[in-house]
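# Survey of secondary and tertiary structure
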Amino acid sequence: MIRYKANMVGITVICTNESYTSQTSALDGEKPCWNNGNKSRKKQGLSPANRRIHRGMFRSNKGLLVNADINGAMQIVRKVFPNVSFANGIVDAVLHPAKWSPLI
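Here's a quick rundown of the structure. The structure displayed is predicted, hence computed values, not measured ones.

Further remarks concern the sheet that holds strand β1 (residues 52-54). Within a sheet, neighbouring strands are paired by backbone hydrogen bonds and run either parallel or antiparallel to one another. Read from one edge to the other, the open sheet built from three strands follows the order β1-β2-β3, with strand pairing classed as antiparallel. Of all strands in the sheet, those with a lone pairing partner are β1 and β3 (65-67), marking the two edges. Neighbouring strand axes in the sheet, compared pairwise and without regard to direction, differ in orientation by 35° on average. Sheet analysis places strand β2 (residues 57-59) next to β3, joined by three bridges and oriented antiparallel.

The following block contains the structure:
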């Protein structure tokens, strides 16, 4: 239904496999593939097998914290469009989160 509705207004829908996108670090430029996945990294002795600190928080190899969903979304984009550069402000927006709460 999503593909049908999107095509009606001229939007192209691309379906992709999201494997290894939440296990790899977008901030470190890791490719979302098995070689960078948790089990492979543990066998290679690179870093902790699971870099998720707790639900919703991911630590990069450089020690930077990022929302796990943002990290996974960036890796999905990188997997679908491998030639897209994140140097145009996308990573910068993730690294400087702002908490906002309305005054009641």
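This is not the end of the story, as more comes after the structure.
Structurally, the position occupied by Ser25 is in the loop between α1 (2-8) and α2 (38-44). Setting aside chain neighbours within four positions, we find Ser25 in contact with Glu30, Arg51, Phe58, Ser60, Asn61, Asn71 and Gln75.

Now for helix α3 (residues 68-80). In this model, α3 (13 residues) spans 18 Å end to end at C-alpha, consistent with the 18 Å of a helix rising 1.5 Å per residue. Three or more residues of α3 are buried, namely Ala68, Asn71, Gly72, Met74, Gln75 and Arg78. Projected down its long axis, α3 shows its buried positions confined to an angular sector of 160°, all on one face. The N-capping residue of α3, defined by a side-chain oxygen 2.7 Å from the backbone nitrogen of Asp69, is Asn67.

About the thresholds
Here the residue numbers are simple positions, counted from 1 along each chain's written sequence. Under the rules for a predicted model, residues below a pLDDT of 70 receive no local features and side-chain atom pairs below 80 are neither given nor counted, while totals for whole chains, interfaces and linings still include all residues. Side-chain figures throughout are based on the complete set of non-hydrogen atoms in the structure, without hydrogens or water. For two strands to pair, DSSP has to find at least two bridges joining them. A helix here means a DSSP run of H or I that spans at least four residues, while a strand means a run of E at least two residues long, and both kinds are numbered starting from the N terminus. What counts as an axis is a line fitted to C-alpha atoms, over the stretch in contact for a helix, and the angles between N-to-C directions run from 0 to 180 degrees. In this analysis, two residues are considered to be in contact whenever any of their non-hydrogen atoms come within 4.5 Å of each other. By this rule, a helix spans an expected 1.5 Å times one less than how many residues it contains. Remark: exposure states derive from per-residue accessible area (1.4 Å probe, protein chains only) relative to the maximum for the residue type, with buried under 20%, exposed over 50%, and partly exposed in between. Note that the arc is defined by the directions from the helix axis to the C-beta atoms. N or O atoms within 3.5 Å of each other form a polar contact, as long as, within protein, one can give a hydrogen and the other can take it, and as long as residues adjacent in sequence are counted only when both atoms are side-chain atoms.

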